[in-house]
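Residues per chain, in single letters:
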Amino acid sequence: MKEYPMTFREFIKRFPDEQHCRDYLYELRFSDGFVCPKCSHDKHWKIGELLFECAKCGRQTSVIAGTIFQDTRKPLMDWFIGIWWLSTMKTGASALGLQQVLGLKSYQTSWTWLHKIRKALVNPNRSKLLGTVEIDETIIGGVATGKRGRGAENKVLVIIAAELNGKKIGRCRMGIISDASSDSIHPFIIENIETDSTLITDGWRGYNGIEKKGFSRKIHVQKTNPNQEELLPHIHLIASLLKRWLLGTLHGAVESQHLQSYLDEYVFRFNRRKSAQRGLLFYRVLESAMQTKTITYEELTDHKI
Ligand SMILES: [Zn+2]
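Residues numbered from 1 in each chain as written. Predicted model: local features only at pLDDT ≥ 70, side-chain atom pairs only at ≥ 80, totals over all residues.

K.L.:
Any chance you could break down helix α3 (residues 76-88) for me, citing the residues and the numbers?
P.N.:
For α3, which comprises 13 residues, the first-to-last C-alpha distance of 18 Å matches the rise-based estimate of 18 Å (1.5 Å per residue) to within 8%. Of the residues making up α3, those classed as buried are Leu76, Trp79, Phe80, Gly82, Ile83, Trp84, Leu86 and Ser87. Looking at the buried residues of α3, the elements they touch are α1 (8-14), α2 (18-29), α4 (95-102), α5 (107-119) and α10 (278-289). (Helix = DSSP H or I, 4+ residues; strand = E, 2+ residues; numbered from the N terminus. Expected span 1.5 Å × (residues − 1). Buried ≥ 20, exposed ≤ 12 C-beta atoms within 10 Å, placed from the backbone. Contact = placed C-beta atoms within 7 Å.)

This is the structure:
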């Protein structure tokens, strides 16, 4: 197994300058050596710091095209530090914090970077939850709709699923749903949970019919005192931790169009809460960043949703 830096000091030693960062991204991109994406030829010339030209067809390939680093004009080292900072921090990361860490002049740049990095927290190759999975919806309040000038405060419905290993909680997933109908709930289940898993739900009809799609279902129903927290205690624990985190890290300032990326960040942290190898997380996020398309400030602030 590769040696991963585990402390910030080791990290700085491993990536002391731009060249080391470029070399590492090159390795990630072309782990089996350079291959032209157009003609599959392997002979190539270096024509820029991150740009290579195929010797056969002349096609130019940038190491960072199609990644979250695409078109960046900032040093890769800044990106590496930002990713290290976000992925090794135990709690949350704010745009103001990143701005201070990197000494960025613009808050907008810092805010945009955080969103780009958050996109990479969802590993494109991640596997679905499986086994016994508890699932329920919760309401996140105080979410701005993103329609500026109206000051509308909205509530957003979030569905949470968590693996149960005995009494312990395993991995979780979260998604925004427009309502609690089966048309909204079933696609979330199918996208995030392996068939043949056993779902523990309450008696809500939005879950009805999921058995026909390959899942088993155990229904926990209240007998006398309808207390949802006792019914599905694990999801309620996660939901209350999530709400505390949103308030603490983001000071409750969440716009609905960005809520999913905050949920993804929370899931990333939650699912790795027991990981002793914080440094390894940095490499996982970096790998994922190389497979994640970037998002621009304009796309992030497009309020037409
Ligand atoms: Zn070629």
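K.L.:
Give a description of the nonpolar core that names residues and reports values.
P.N.:
By size, the foremost hydrophobic cluster in this structure holds 58 residues, and its most contacted members are Ile83, Val133, Ile135, Ile160, Ala161 and Val285. Aside from chain neighbours lying at most four places away, what touches Ile83 is Ile117, Phe282, Val285, Leu286 and Ala289. (Core = buried A, V, L, I, M, F, W, Y, C linked by C-beta atoms within 7 Å.)

K.L.:
Run through unusual backbone geometry, naming residues and quoting values.
P.N.:
At Ser40, a position not held by glycine, the phi torsion is positive, near 65°. With respect to the helices, strands and loops of the structure, Ser40 is situated in the loop between α2 and β1 (44-46). Overall, Ser40 belongs to the exposed group, with 10 C-beta atoms counted inside 10 Å.

K.L.:
Before we move on, can you summarise the packing of α4 against α5 with the specific residues and values?
P.N.:
With their axes 8 Å apart at the nearest point, α4 and α5 run at an angle of 110° to one another. With respect to α5, the element α4 is oriented roughly perpendicular. For the pair α4 and α5, the crossing hand works out as right-handed. Along its contact with α4, which presents Ala95, Leu98 and Gln99, the element α5 presents Tyr107, Ser110, Trp111, Trp113 and Leu114. Considering only residue class, the contact of α4 with α5 consists of six nonpolar, two polar and no charged. (Axes fitted to C-alpha atoms, helices over the stretch in contact; angles between N-to-C directions. Parallel < 35°, antiparallel > 145°, perpendicular 65-115°, else oblique. Left-handed = near helix turned anticlockwise from the far one by under 90°. Nonpolar A, V, L, I, M, F, W, Y, C, P; charged D, E, K, R; others polar.)

K.L.:
Can you explain the packing of α3 against α10? Please cite residues and give values.
P.N.:
Running from amino to carboxyl end, α3 crosses α10 at an angle of 125°, the nearest separation of the two axes being 8 Å. Between α3 and α10, the interaxial angle falls into the category oblique. The chirality of how α3 crosses α10 is right-handed. Across the interface between the two elements, Ile83, Trp84, Ser87 and Thr88 from α3 touch Arg278, Gly279, Leu281, Phe282, Val285, Leu286 and Ala289 from α10. Considering only residue class, the contact of α3 with α10 consists of seven nonpolar, three polar and one charged.

K.L.:
Describe in detail the environment of Leu51, supporting the description with residues and values.
P.N.:
Residue position: Leu51 is located in strand β2 (residues 51-54). Between the C-alpha atom of Leu51 and that of Cys172, which follows or precedes it by 121 residues, the distance is 39 Å. When neighbours within four sequence positions are excluded, Leu51 is seen to be in contact with Gln60 and Ser62.

K.L.:
An account of the sheet that holds strand β3 (residues 60-62) is requested, with residue identities and associated values reported.
P.N.:
The sheet built from three strands is open, its strands ordered β1-β2-β3 with antiparallel pairing. Single-partner strands in this sheet number two, and they are β1 and β3. Adjacent strand axes in the sheet meet at a mean angle of 30°, parallel and antiparallel pairs treated alike. Two elements, β1 and β2, share three bridges in a ladder whose sense is antiparallel. Looking across to β2, one finds that His44 is bridged to Cys54. (Pairing = 2+ DSSP bridges.)

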